[in-house]
Amino acid sequence: MLATEAHVATTSASRYLQQLCKHWSHKFAVEFTPEKGLIPFADDRTATLEATPDTLTLRIEAADRKVLARMENVVVEHLKRFSFREDLGEIRWTRAQ
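Attention here is on the structure that accompanies the text. (Residues numbered from 1 in each chain as written. Predicted model: local features only at pLDDT ≥ 70, side-chain atom pairs only at ≥ 80, totals over all residues. Heavy atoms only, no water.)

### Notes on the overall build of the protein chain
When helices and strands are counted, the protein chain shows two helices and six strands. When the helices and strands of the protein chain are placed in sequence order, the string is β-α-β-β-β-β-α-β. Whereas a compact globule of 97 residues would reach a radius of gyration of roughly 13 Å, the protein chain reaches 12 Å, a difference of no more than 12%. Seen through its principal axes, the protein chain has C-alpha atoms that stretch 30 × 25 × 20 Å. Within the protein chain, the proportion of its 97 residues that are buried is 42%. Entry remark: accessible area of the protein chain is about 5,900 Å², with carbon and sulfur atoms responsible for 50%. (Helix = DSSP H or I, 4+ residues; strand = E, 2+ residues; numbered from the N terminus. Rg over C-alpha atoms; globule rule 2.2 N^0.38 Å. Buried < 20%, exposed > 50% of the residue type's maximum accessible area, 1.4 Å probe, protein only. Areas by Shrake-Rupley, 256 points an atom, 1.4 Å probe, with all protein chains shown as cover.)

### Observations concerning the pairing of strand β3 (residues 36-42)
Sheet topology places strand β2 (residues 31-32) next to β3; two bridges connect them, and they run antiparallel. Among the inter-strand pairings, F32 is bridged to a residue of β3, identified as G37. Between β2 and β3, which pair antiparallel one after the other, the connecting turn spans three residues. Here β3 pairs with strand β4 (residues 45-51) via six bridges, running antiparallel. When the sheet's bridge partners are listed, I39 is paired in β4 with A47. Between β3 and β4, which pair antiparallel one after the other, the connecting turn spans two residues. (Pairing = 2+ DSSP bridges.)

### So, the sheet that holds strand β5 (residues 55-62)
Spatial ordering of the open sheet is given by β2-β3-β4-β5-β1-β6, a layout of six strands whose pairing is antiparallel. With partners counted over all chains shown, the strands left at the sheet margins are β2 and β6 (94-95), one partner each. Together, β2, β3, β4 and β5 form the strand contacts of helix α1 (residues 13-24), whose direction differs from that of β3 by roughly 30°. (Contact = heavy atoms within 4.5 Å. Axes fitted to C-alpha atoms, helices over the stretch in contact; angles between N-to-C directions.)

Set out below in structure tokens:
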């Protein structure tokens, strides 16, 4: 599996984590607490979220680069919808180990 991570500076990290997880819990077997979330989109793609008081960490794992890039876009689009009152700036993904 390939993986990428993005670190988003925000004091609303826990709120956004919970909103993202609740949103996808209607379709997937999502697990989450205010600090951590797991969204199993499919056997070959997952999102892991972690909230601290000032950062939301997003991690995407997928089987190939095309799916990975698509999932990065999907997660960011949804995050920006939920954070429309706050400018999160450019969200940059970096290759994770």
